[in-house]
There are 2 protein chains.
Amino acid sequence: MVKNFQDILDMAKNKERKIVSVAAAHDKGVLKAVKQAKDEGIIKPILVGDKNKIELLAREIEFDLEDIRILDVEGDKEISREATKLVSSGQADILMKGLVGTSTILSQALDREIGIRGDGIISQVAAFDLKTYPKMLFVTDPAMNIAPTLEQKEGIIKNAVLLTKALNIENPKVAALAAVEDINDKMQATLDARDLQKSCEAGNIPGCTVSGPLALDNAISLESAKLKDIPGEVAGQADILLVPDIEAGNILYKSLTFLAGADSAGIIIGTSAPMVLTSRADDHKAKFNSIALAVLLADSLNK
Amino acid sequence: MVKNFQDILDMAKNKERKIVSVAAAHDKGVLKAVKQAKDEGIIKPILVGDKNKIELLAREIEFDLEDIRILDVEGDKEISREATKLVSSGQADILMKGLVGTSTILSQALDREIGIRGDGIISQVAAFDLKTYPKMLFVTDPAMNIAPTLEQKEGIIKNAVLLTKALNIENPKVAALAAVEDINDKMQATLDARDLQKSCEAGNIPGCTVSGPLALDNAISLESAKLKDIPGEVAGQADILLVPDIEAGNILYKSLTFLAGADSAGIIIGTSAPMVLTSRADDHKAKFNSIALAVLLADSLNK
């Protein structure tokens, strides 16, 4: 069982170092996370951005750049483009967003010529290490897809399963969340959740067990699930929480990080190489955790 | 500033005792909460339901029923009806749901003849006492309205303001939540949040300050709000969180209770008298906290 980010780091240390292309590395939090990941032996970075600023900030945090490749590039779009090309050309394994807007780097990453588009849907998976839950908890998709259709939700689950597989979590338990456990025609989330469970039972979402609709308490509390007589192996011990839409997902993400005191990480899946796409509000620890996740996913995808 | 449920209890103790009509009181958790509220001097209960069971359970928890009025009624619908009539006839100030289904008691409470319908929308407000937030945090509506319209959201905010007013929270800060801070035509929550702020600025939602759209972190973390340069007095210090829909609200409610370790309470507002409508999963502490909230609201509404 993967209990926390230390377990994930320990696993990442047993893999070959991955090369991370950092877009707009001229940011202290980003450099701190990159330095830590390099010091832990899990990555080798390539820094793209304002070289002078990068060197200045690196000195402040005692980050020795001697062996580090730096591409001195100007302009957010150009920086994102060069960083992306390092990945699409095979020179790097992971793309990391630094001090650049999400839409700017995404438009390059999803560019049909130089990008790293995959075949399916692109989604975010957030990972949480909570004192109040005995194992890692994954939430998807809190950031990329606004109001996914049933088909898109299947793809979102498949992406999350790629990540849990990379973490050696066998047959993850997926809770398709809604506000209630009962099917209600007026609540699309309950219909989708039921259909996702059926689709999984029919073999269309392999490598996991999907159950739904489940309210959050019945997904993560065995006591609640028992009290309400919720059947199935997912209830009370979910690994992955599929949220109905971006509002529910983002609010859950923020509540776990800011009010439940969780350590967190975020990763984009569905591109041909993993992307670390944390926000400015995330501290360097979250960025570092995200790199560790990306290392494991990149390793698993390359097999 | 109201910091926690102890503050709320202290305030309730300074009011006249309220009479609570308990529908289906034959439940240990419900009786425990009622006993505690009676012992604290904030209520006088009338117990409706299976008298034998009530007496049996009361003995188990050493609840002396000598001065307590008990209505021996059979059948969930009849119990709910009698309990509601006690309130609509003015014999009780508060209606409390015991061991009976939510829809069963609501259909009686909203009955046009014997019910306690109000003029506006009916909504739930949940209250949270969190170690990670310096004051009480209110969330609305996590339970009653599935996908409220803009107009309904205005009513939901007004109901929450009735409650904060009863708690002497002057001009509460209301954050209209969304997944992002920017207006996005594809995200109805952001449009509604913007319109709610405008409507409040135009004087249509008196007694509070509404700001939106705000992501949850920018609503409750001053640091996040500062980092993202979010203007206004609400950012980082919201009292009331208006959620976009029932899924986001329910998931937030459950995450605060089950993963952030919050003490909680829930109350229905918009009926002519407050309703305590907690779920089976809520412990007796949550039920007790809810009674204390209802006492303050009933006191404020009767003025």
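Predicted model, so just to flag it, every value in this text is computed and none were measured. (Residues numbered from 1 in each chain as written. Chains lettered and ligands numbered in written order. Predicted model: local features only at pLDDT ≥ 70, side-chain atom pairs only at ≥ 80, totals over all residues. Heavy atoms only, no water.)

Here we take up the confidence of the model for chain A. Averaged over all residues, the pLDDT of chain A is 96; the fraction at 70 or higher stands at 100%. Overall fold confidence for the complex sits at a pTM of 0.96, while the interface term, ipTM, reaches 0.95. (pLDDT = per-residue confidence, 0-100.)

Turning our eyes to something else, we now look at the relation of the copies chain B and chain A. Each copy of the sequence occupies a distinct position, and chain B is placed on chain A by a rotation of 180° and an axial shift of 0.0 Å, giving an RMSD of 0.0 Å. Put plainly, the chains are arranged around a two-fold axis. When the interface residues of chain B are mapped onto chain A, 100% of them again lie at the interface, so the same face is used by both copies. (Least-squares fit on C-alpha atoms with pLDDT ≥ 70 in both. Contact = heavy atoms within 4.5 Å.)

Residues and elements named next belong to chain A. If you walk through the whole model with that rule in mind, you get 25 salt bridges over all chains. Two residues, Lys135 and Asp239, come together in a salt bridge whose shortest N-O distance is 3.1 Å. Placement of Lys135 in the loop between strand S5 (123–129) and strand S6 (137–140) and of Asp239 in the loop between helix H9 (222–227) and strand S9 (240–242) is noted, with a sequence separation of 104 residues between them. Of the two residues examined, Lys135 and Asp239, each falls in the buried class. For Lys153, the salt bridge goes to Asp192, with nearest N and O atoms at 2.8 Å. Remark: Asp192 occurs in helix H7 (residues 188–201) and Lys153 occurs in helix H6 (residues 150–166); sequence separation between them is 39 residues. Comparing Lys153 with Asp192 shows no difference in burial state: the two are buried. Linked through salt bridges whose partners overlap, the residues forming this network are Lys15, Lys18 and Asp299. (Salt bridge = Lys/Arg side-chain N within 4 Å of Asp/Glu carboxyl O. Helix = DSSP H or I, 4+ residues; strand = E, 2+ residues; numbered from the N terminus. Buried < 20%, exposed > 50% of the residue type's maximum accessible area, 1.4 Å probe, protein only.)

So, about the side chain of Lys153(B). Here Lys153(B) falls in the buried class, since its relative accessible area comes to 4%. With residues up to four places along the chain from it excluded, the contact list for Lys153(B) reads Pro148(B), Asp192(B), Leu196(B), Leu242(B) and Pro244(B).

This paragraph deals with the side chain of Thr140(B). Checked against the element boundaries, Thr140(B) lands in strand S6 (residues 137–140). Once residues within four sequence positions are removed from consideration, Thr140(B) is found in contact with Ser123(B), Gln124(B), Val125(B), Ile156(B), Ala160(B), Ile240(B), Leu241(B), Leu242(B) and Val243(B).

The subject of this paragraph is unusual backbone geometry. Excluding glycine, most residues fall at negative phi; most peptide bonds, likewise, are trans. A cis amide bond links Gly212(A) with the next residue in sequence, Pro213(A), at an omega value of 0°. Residue position: Pro213(A) is located in strand S8 (residues 209–214). Its identity is not glycine, yet Ala24(B) carries a phi of approximately 65°, on the positive side. Secondary-structure assignment places Ala24(B) in the loop between strand S1 (18–23) and helix H2 (28–39).

Every contact between the two is made by 36 residues of chain B and, on the other side, 36 residues of chain A. Approximately 3,100 Å² of surface area, both sides summed, lies buried where chain B meets chain A, with 73% of it carried by carbon and sulfur atoms. The three residues of chain B that bury the most area against chain A are Glu247(B), Ile251(B) and Leu259(B), which together make up 23% of that side's buried surface. Among the salt bridges present, the one from Asp217(B) reaches Lys254(A), with a minimum N-O distance of 3.2 Å. Considering each element in turn, the side of chain B that touches chain A owes the most residues, eleven residues, to helix H10 (residues 246–259) of chain B. For the side of chain B that touches chain A, the residue count by class is 23 nonpolar, six polar and seven charged. (Buried area = accessible area lost by both parts, 1.4 Å probe. Nonpolar A, V, L, I, M, F, W, Y, C, P; charged D, E, K, R; others polar.)

Looking now at the pairing of strand S7 (residues 173–177) of chain A. Residues and elements named next belong to chain A. Within S7, five of the five residues are buried, which leaves it mostly tucked inside the rest of the structure. Because side chains alternate across S7, one face comprises the buried residues Lys173, Ala175 and Leu177, and the other comprises Val174 and Ala176, equally buried. Alignment of S7 against S8, held across four bridges, turns out to be parallel. Across the sheet, residue Ala175 finds its bridge partner in S8, namely Ser211. For the crossover that starts at S7, traverses H7 and ends in the parallel S8, the hand is right-handed. (Pairing = 2+ DSSP bridges. Right-handed = clockwise from strand over helix to strand, strands pointing away.)

Quick look at the packing of H6(A) against helix H11 (residues 284–301) of chain A now. All names here are of chain A. Closest axis-to-axis distance for the H6/H11 pair is 8 Å, and the angle between their directions is 95°. Viewed along their axes, H6 and H11 adopt a mutual orientation that is roughly perpendicular. Here Leu162, Leu163 and Ala166 of H6 lie close against H11, whose contacting residues are Leu293, Leu296, Leu297, Ser300 and Leu301. Residue composition of the contact of H6 with H11, by class: seven nonpolar, one polar and no charged. (Axes fitted to C-alpha atoms, helices over the stretch in contact; angles between N-to-C directions. Parallel < 35°, antiparallel > 145°, perpendicular 65-115°, else oblique.)

Moving on, we come to the environment of Lys165(A). Residue and element names in this part refer to chain A. Its place among the elements puts Lys165 in helix H6. Given a relative accessible area of 60%, Lys165 falls into the exposed group. Through-space distance from the C-alpha of Lys165 to that of Gln91 is 25 Å; in sequence the pair is 74 residues apart.

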